[in-house]
Amino acid sequence: MDTLSSSFLPKLHPKYIFSPIPLSPPRTSPHPQPNSLNISSVRIEDKPQTTTTTTTTSRRAAPQPVKKQTPPPSPQQTNTRKRPSTPKTRPTEPVSLPTTIFNVVDGFINTFVDPPLRPSVDPRYVLSDNFAPVDELPPTLCQVVEGSLPTCLNGAYIRNGPNPQFLPRGPYHLFDGDGMLHSIRISDGKATLCSRYVKTYKYKVENKNGFSVVPNVFSGFNGLTASAARGALAAARMVAGQFNPVNGIGLANTSLALIGGKLYALGESDLPYAVEVAQNGDIYTEGRNDFDGKLFMSMTAHPKVDPDTGEAFAFRYGPMRPFLTFFRFNADGTKQPDVPIFSMTSPSFLHDFAITKKYAIFPEIQIGMNPMEMMAGGSPVGANPGKVPRLGVIPRYAKDESEMKWFDVPGFNIIHAINGWDEDDGDTIVLVAPNILSVEHTLERMDLIHASVEKVKIDLKTGIVSRHPVSSRNLDFAVINPAYVGKKNKYVYAAIGDPMPKISGVVKLDVSVSDSDRCDCIVASRLYGESCFGGEPFFVAKEPNNPSAEEDDGYVVSYVHNEKTGESRFLVMDAKSPNLDIVAAVKLPRRVPYGFHGLFVSENDLNKL
Ligand SMILES: [Fe+2]
């Protein structure tokens, strides 16, 4: 839990909702207690009464008003724990005998073989409050309830996140949900919300069957006996032709990126899925893209797009050698050859990386893929406290790993990177990233994670690594002005974990301050208020094509949900103001669940899709 905000939040009165926070809050707070997960219920009754549309909506259709809105839940509802109701089933054809047998076996495993569910894989906890899934929402006009939407926001802000198509019948981890895109299409001050699943192979197979078929990656390993039983069941389903893993079993639930002018929904266990945003705000999945057969297996959900060259740098990782493979796409989206990295010595959990103008920087951390433990029914990812974290630096146009250098950085475990750049004519590289101080909690107890944003400098000539934190707060899901990717920048906009994965506010950091003063680099901040939680912020420049514009001349946007009223809003905040003043608030016609990463796509880029 964020040690600063946790003691401050209870003092907030509802009238301060969406109000700025003081820059020097109290510094004492008890550690979070076991089981203090801040959960209340799985609000299945909160699922919206909206039409689920997959292919019938015209791309030219006008936005529709909401026909029926879900009433906000009462406090009693949010304080009552209840099991998810029976999963919805939409069989479209007679269920065969093998399928019936498989489903009976699945139910048997869930009921009699699974050990008691840990909170991290218990859907009653994982899908509580605003983590509960919603149905799709066709393009629906929204009401601007405060201020007005700036013209630079013409385009679409789209956020990805997990939203299971079927309520889990057994263990379920937050990372296991089908990807759903929540897009707010903005045009001349008007806003339209649309929520659509990414139509992955897994989604389509299961939608056709009317029930879950593909096993969950993160929660499927739940004790040796149950894991073995699930493995055998999955094999039987494959043999019976229910699904073919060759087509990908990814969820595309993590993020979005523009690569070669095309928009992709991403999840690191599969290939990118191309998506399109129609003029009316609707979202369509075009399909899984292997880039003319040149992209294999999977790709990170955090590619880095150089704002000057348009190139996209990316990688994939896995449990088999080479554990890491680096590659890039030209500005036109043509994939370049793989660069296998054999010098990565273990199958590290490699979620993100950074680029500079000269290099790519890869972390090898204490969290790793754990094939042996996985086979014994444990988590597929675990922490190895005996491992020394390293940073690997490779020229970003390298054709092989011969020039790659690794640097030990003890105690530096990063899941996300914020930015990197070159200094001293390329002799020094700088990396800014949140360091996870309690890696052992990565999958099981996200509420106990504290992430400290650090600035790390690597002297490539001497090999000396220096580092220092730039804030004491628990910060992650951080972004910068996208025009500064790979270049020296000052400002970072980061989400406040309170505790993770809930986000109580946003701060603005000036990381240049730390060069002369080791004080906290927070220069602006905003708490969303009591019972209000947001997501990853995103920065949208006011004048993206003006090279002389100031780095922070723009807006910070995010979805924010009020758990007491059940209302979700889209907030637009002035990035230059010390309190991140709200310049526009859009009341959303339906709640937007908490999720992962988002992207703003300008009108100009939308028109090129
Ligand atoms: Fe991420």
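Residues numbered from 1 in each chain as written. Predicted model: local features only at pLDDT ≥ 70, side-chain atom pairs only at ≥ 80, totals over all residues. Heavy atoms only, no water.

Engineer: Hey, could you run me through the nonpolar core in this one?
Structural biologist: Grouped burial of nonpolar side chains is what soluble globular proteins tend to show. In this structure, Phe326, Ile341, Phe353, Phe362, Ile394, Val492 and Leu509 are the most contacted members of the largest nonpolar core, which totals 63 residues. Residues Ala156, Val275, Val557 and Val586 belong to the second largest nonpolar core, which totals 45 residues. (Core = buried A, V, L, I, M, F, W, Y, C linked by side-chain atoms within 4.5 Å. Buried < 20%, exposed > 50% of the residue type's maximum accessible area, 1.4 Å probe, protein only.)

Engineer: Would you mind going over a nonpolar patch on the surface with me for this structure?
Structural biologist: A grouping of Leu97, Ile101 and Val105 is seen on the molecular surface, where their side chains present a nonpolar patch of about 270 Å² in accessible area. Tracing the backbone shows Val105 in helix H3 (residues 97-113). (Patch = residues over 30% accessible without salt bridge, like charges linked within 9 Å, V, L, I, M, F, W, Y side chains within 5 Å. Areas by Shrake-Rupley, 256 points an atom, 1.4 Å probe, with all protein chains shown as cover. Salt bridge = Lys/Arg side-chain N within 4 Å of Asp/Glu carboxyl O. Helix = DSSP H or I, 4+ residues; strand = E, 2+ residues; numbered from the N terminus.)

Engineer: Can you help me understand the sheet that holds strand E18 (residues 390-395) in this one?
Structural biologist: Note on sheets: strands pair through backbone hydrogen bonds, and any given pair is parallel or antiparallel. Spatially, the 4 strands line up as an open sheet ordered E14-E15-E18-E19, and their pairing is antiparallel. The open sheet has two free edges, formed respectively by strand E14 (354-355) and strand E19 (405-408), since each of these has just one partner strand. Here E14 pairs with strand E15 (residues 359-364) via 2 bridges, running antiparallel. Residue pairing in the sheet places Ala354 in a bridge with Ile361 of E15. (Pairing = 2+ DSSP bridges.)

Engineer: What exactly am I supposed to notice about the sheet that holds strand E1 (residues 137-141) here?
Structural biologist: Here 5 strands make up an open sheet; going across it, the order is E1-E5-E4-E3-E33 and the pairing antiparallel. This sheet does not close on itself; its edge strands, each paired only once, are E1 and strand E33 (598-602). In this sheet, adjacent strand axes meet at a mean angle of 15° when their direction is disregarded. Bridge count between strand E4 (residues 179-187) and strand E5 (residues 190-197): 8 bridges; the pairing is antiparallel. If you follow Ser183 over to E5, its bridge partner there is Cys194. (Axes fitted to C-alpha atoms, helices over the stretch in contact; angles between N-to-C directions.)

Engineer: Explanation requested: the packing of H3 against helix H6 (residues 224-239) in the structure shown.
Structural biologist: If you want to describe how two helices pack, look at the angle between their axes and the distance between the axes. In contact at an axis separation of 10 Å, H3 and H6 are set at 170° when each is read in the N-to-C sense. What the angle tells us is that H3 and H6 run roughly antiparallel. The residues of H6 that touch H3, namely those facing Phe102, Asn103, Val105, Asp106, Ile109, Asn110 and Val113, are Thr225, Ala226, Ala229, Arg230, Leu233, Ala236 and Arg237. Its residues assigned to classes, the contact of H3 with H6 shows 8 nonpolar, 3 polar and 3 charged. (Parallel < 35°, antiparallel > 145°, perpendicular 65-115°, else oblique. Contact = heavy atoms within 4.5 Å. Nonpolar A, V, L, I, M, F, W, Y, C, P; charged D, E, K, R; others polar.)

Engineer: Can you walk me through the coordination of the iron ion in this structure?
Structural biologist: Six octahedral donors at a metal ideally form angles of 90 or 180 degrees, and four tetrahedral donors ideally form angles of 109.5 degrees. Within the protein, the iron ion binds to His302 (NE2), His351 (NE2), His416 (NE2) and His597 (NE2); these donor distances fall in the range 2.0 to 2.2 Å. One can describe the site at the iron ion as irregular: its 4 donor atoms subtend angles covering 87 to 161° at the metal. All donors of the iron ion come from a single chain, and their spacing in sequence reads H-x48-H-x64-H-x180-H. Of the two residues, His302 sits in the loop between strand E9 (283-288) and strand E10 (304-305) while His351 sits in the loop between strand E13 (339-341) and E14, which places them 49 residues apart along the sequence. Given a relative accessible area of 10%, His351 falls into the buried group. (Donors = N, O, S within 2.8 Å, 3.2 Å for Na, K, Ca; no water. Tetrahedral: all angles 85-135°; square planar, octahedral: opposite > 155°, others 65-115°.)

Engineer: Sorry if this is basic, but what is going on with unusual backbone geometry here?
Structural biologist: Of note, the amide linkage connecting Arg321 to Pro322 takes the cis form, showing an omega dihedral of -10°. Within the element layout of this structure, Pro322 appears in the loop between strand E11 (312-317) and strand E12 (324-329). Positive phi is not limited to glycine here, since Met297 has a value of about 65°. Of note in the backbone geometry, Asp424 takes a positive phi value of approximately 55° without being a glycine. Among the structural elements, Asp424 can be located in the loop between strand E20 (419-423) and strand E21 (428-436).

Engineer: Sorry if this is basic, but what is going on with the UniProt feature "binding site: Fe cation" (unreviewed entry) in the chain here?
Structural biologist: The UniProt feature table records "binding site: Fe cation" (unreviewed entry) at His302, His351, His416 and His597. Judged by maximum C-alpha separation, these annotated positions cover 296 residues in sequence but sit close together in space, the widest gap being only 12.7 Å. Sequence-distant contacts of His302, that is, excluding residues within four places in its chain, are made with His351, Asp352, Phe353, His416 and His597. Dropping the residues within four chain positions of it, His351 is found in contact with Thr254, Glu268, Thr300, His302, Phe315, Ile415, His416 and His597. Within the local environment of His351, its side chain forms a polar contact with the side chain of Glu268, the two groups lying 2.6 Å apart. (UniProt positions renumbered as here; feature names shortened; annotations may be inferred. Polar contact = N/O pair within 3.5 Å; in protein donor to acceptor, adjacent residues only side chain to side chain.)

Engineer: Looking at this model, I keep getting lost on helix H5 (residues 201-209). Mind explaining?
Structural biologist: Side chains three or four residues apart in an α-helix point the same way, a direct result of the helix having 3.6 residues per turn. Those residues of H5 that sit buried are Tyr201, Lys202, Tyr203, Val205, Glu206 and Asn207. Those residues of H5 hidden inside the fold are in contact with E5 and strand E8 (273-277).

Engineer: Whenever I open this one, the environment of Thr99 confuses me. Can you help?
Structural biologist: Within the secondary structure, Thr99 sits in helix H3. Here Thr99 falls in the buried class, since its relative accessible area comes to 9%. In sequence terms Thr99 and Ala236 are 137 residues apart; their C-alpha atoms lie 10.0 Å from each other. For Thr99, the contacting residues outside a window of four places in its chain are Phe211 and Gln242.

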